[in-house]
Structure formats: structure tokens, C-alpha cells
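Survey of secondary and tertiary structure
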Amino acid sequence: MSRQAEGRKGKALRGRAGRMQGGRGSGRASTGAVRLWGRHAVEAALMNPERRHRKLWATREGVASLNGELPPDFPVEWASPVDLARLVARDAPHQGLVLECDALEDVYLEDVLDGDPARPVVILDQVTDPHNVGAILRSAAAFNAAAIITQDRHAPPESGTLAKSASGALEVVPWVRVVNLARALDELAEAGYWRIGLDGDGPANLGDALPAGPIALVLGAEGEGMRHNIMQHCDALARLPISSAIESLNVSNAAAIALYAIATRESE
């Protein structure tokens, strides 16, 4: 992906200037597509060779903020910030960039198991808030996790809100959706992963529960936590050593701390 700034040697990006012709107020992409917004999310999607891009709506300042130049034939439609606001979720910070593209291709658990076992895997049990899943993807990218795994029916869809929260990580961290999360945990155990469920009532601190081998970190929904059946498929339950001044942490904060603990364990 690259960027082509306005007016460079008189060469304009393709597309009609001004107001877009449709889609106002919906905040939805066309059939089979995903609409992304914000500089980091859009830039990462443009750089991802696995993405099929359909169209970019942008202000000239938004295009100028991208790292690189767009291909000469890239479909761009110039728009005002007000027009872009009509294409995204209410009050979404689009930063002058809205990209419509195809959803990412499916990733399968066996693809992850064929990778580097030193990289942790993050399993989310019924974490449905797209902001939380996006933030967990961002932490997973920061701490070199191999993938996140969710149950297909109890996880948010790929969306602009999630991608904005992930700040580009949606494009680099594989997201595996499975029908049966317990079965996926069994497959991880067979592949040699130690399954650690993060639970506020866990009998040990996370640091004491971490083994030397591959780790599958399991987190449940905020408030409800992991389902009983998922707990039973963990090899150990562990807690974060937080102060009694606060009852619990947001699931995305807990994921970041746990991934840091795993990363520092591996570097020792």
C-alpha cells in the first residue's frame, strides 16, 4: 500500500470529488463487505495483501496522512468530513478515511497449530464487545500472540468499530472462529499447549501458574467470566494479583497484563 498526495505532478486519484452518491446514514457496508475507518485501521488494511479492497472514501488530508502512496488506479472518492460521518457508525472517529473491503478469509485452528508453539494463543469465551475484542487483538499483536480463538456464535463480527479498537492488529493477528470452543481446547491440549484460564477466584497467581511450554490463555466475558464447561477444559485456573481496592479488571486490560506476564516469562 502506498499513498498519493493531492496535486503531486498534477496526477489525481481516481473517483468523483465531493459528496458520495449513496449509503448516507447507514453506517453499513454493501453486501459481503466490511467498512473500516480511521488511519491505523485503514492503513493496515491497505497494506494487507490478504485484503480485497473495493473503494476508499477520503478527505485529501486523510490520504496525505497515510504512510506511502496509493496505486494510481486505486478507486478513491473525495469527500468532506461531514459526508464521511454519514458512512460510519455514529460519532465514529473516521480521521478522513473510510475503506470498504471484503472480510478476511477464514483461518483454521490447524493453521495455528502448525506455527511457532512459543507464541501464546488467546481464547475468548463469549467476549462479545467489539471494543474489547479489538483491544485484545491489539495486545495480542504487541506481545506476539499466534492467534485469538472465539466461538463463532458468541463473538462480534469483523467491523469498523472492532478494527478501530484494534488499531491495525486485525490485519496481522489471525482470528480463528470455531463451532465448539471446548473441542478447540482439547485440540490445543493434544498439541502440547498448557491451558490457563484467567479467573478472579483462581487458586494461584498467574506468574506462579505459568509453565515453560506453550500457553493457551483463556478469558471469559466481563462480569460472567468463563462458562463452567470451559473452566473444566483448562489445565489450571489463575488470577491476577490485583489490589482489593477494585473488584476486577476489564477483560482487555486483563488480557494485556497476562500476555505481558507470558512474554516476560519466555524472555527470562
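Structure's up top.
Everything in this summary refers to the structure shown in the same document. Since the model is a prediction, treat every value here as computed from it, not as a measurement.

Each value, and the rule that gives it
- Residues numbered from 1 in each chain as written.
- Predicted model: local features only at pLDDT ≥ 70, side-chain atom pairs only at ≥ 80, totals over all residues.
- Heavy atoms only, no water.
- Helix = DSSP H or I, 4+ residues; strand = E, 2+ residues; numbered from the N terminus.
- Buried < 20%, exposed > 50% of the residue type's maximum accessible area, 1.4 Å probe, protein only.
- Areas by Shrake-Rupley, 256 points an atom, 1.4 Å probe, with all protein chains shown as cover.
- Pairing = 2+ DSSP bridges.
- Contact = heavy atoms within 4.5 Å.
- Axes fitted to C-alpha atoms, helices over the stretch in contact; angles between N-to-C directions.
- Patch = residues over 30% accessible without salt bridge, like charges linked within 9 Å, V, L, I, M, F, W, Y side chains within 5 Å.
- Salt bridge = Lys/Arg side-chain N within 4 Å of Asp/Glu carboxyl O.
- Lys, Arg positive; Asp, Glu negative; His and termini not counted.
- Charge placed at Lys NZ, Arg CZ, Asp CG, Glu CD.
- Polar contact = N/O pair within 3.5 Å; in protein donor to acceptor, adjacent residues only side chain to side chain.

What follows concerns the overall build of the chain. The number of helices and strands found in the chain is 10 helices and 11 strands. The proportion of buried residues among the 268 residues of the chain is 46%. Carbon together with sulfur atoms contributes 48% to the accessible area of the chain, which is approximately 13,200 Å² in total.

Okay, the sheet that holds strand E9 (residues 204-205) next. On the basis of which strands lie adjacent, the open sheet formed by 7 strands has the order E7-E6-E5-E10-E8-E11-E9 and parallel pairing. In this open sheet, the two edge strands, each paired with only one partner strand, are strand E7 (175-178) and E9. Sheet topology note: the strand E6 (residues 147-151)/E7 ladder contains 4 bridges and is parallel. Residue pairing for E7: Thr 150 is matched across the bridge by Arg 177. Packed on one face of the sheet, helix H7 (residues 181-190) meets strand E5 (121-125), E6, E7, strand E8 (194-198) and strand E10 (215-220) and runs near 160 degrees to E5.

This paragraph deals with the environment of Ala 135. Relative to the helices and strands, Ala 135 is located in helix H5 (residues 130-142). Linking Ala 135 and Ala 166, residues 31 residues apart in sequence, is a C-alpha distance of 5.2 Å.

Our next topic: unusual backbone geometry. With a phi close to 65 degrees, Asp 91 is a non-glycine residue in the positive phi region. Along the chain, the position of Asp 91 falls in the loop between helix H3 (81-85) and strand E4 (97-102).

Turning next to the pairing of strand E1 (residues 33-37). Counting buried residues in E1 gives 5 out of 5 residues, a clear majority hidden from the surface. In E1, alternate side chains face the same way, and those of Ala 33, Arg 35 and Trp 37 on one face and Val 34 and Leu 36 on the other are all buried. The pairing of E1 with E4 spans 5 bridges and is classified as antiparallel. Bridging from a neighbouring strand, Ala 33 pairs with Asp 102 of E4.

Once that is clear, we can look at the sheet that holds E1. One open sheet accounts for 4 strands, arranged E1-E4-E2-E3; its pairing is mixed. Of all strands in the sheet, those bounded by a partner on one side alone are E1 and strand E3 (76-78). Ignoring which end each strand starts from, the neighbouring axes of this sheet average 15 degrees apart. Summarising the sheet, strand E2 (residues 53-58) and E3 pair through 3 bridges and their orientation is parallel. Each residue of the ladder has a partner; that of Leu 56, found in E3, is Val 76.

Here the focus is a negative patch on the surface. Residues Glu 110, Asp 111, Asp 114, Glu 187 and Glu 190 make up a contiguous surface patch of negative charge. Checked against the element boundaries, Glu 187 lands in helix H7.

Moving on to the side chain of Arg 265. Structurally, Arg 265 is set in helix H10 (residues 251-267). There is a polar contact of 2.3 Å between the side chain of Arg 265 and the backbone oxygen of Pro 211. A distance of 3.1 Å separates a polar side-chain atom of Arg 265 from the backbone oxygen of Gly 213.

One pass over the full model with this rule turns up 12 salt bridges. Measuring nitrogen to oxygen at the nearest pair gives 2.9 Å for the salt bridge that ties Glu 100 to Arg 35. Linking Glu 100 in strand E4 with Arg 35 in strand E1, this pair joins segments that are 65 residues apart in sequence. A salt bridge links Glu 158 to Arg 51, with the shortest nitrogen-to-oxygen separation between them at 2.6 Å. Highlighted residues: Glu 158 in the loop between E6 and helix H6 (160-166) and Arg 51 in the loop between helix H1 (39-47) and E2, separated in sequence by 107 residues. The exposure class of Glu 158 is buried, given its relative accessible area of 17%. On the basis of relative accessible area, Arg 51 is assigned to the buried category, the value being 6%. What you see here is one network of salt bridges that share partners, running through Arg 51, Glu 158 and Glu 171.

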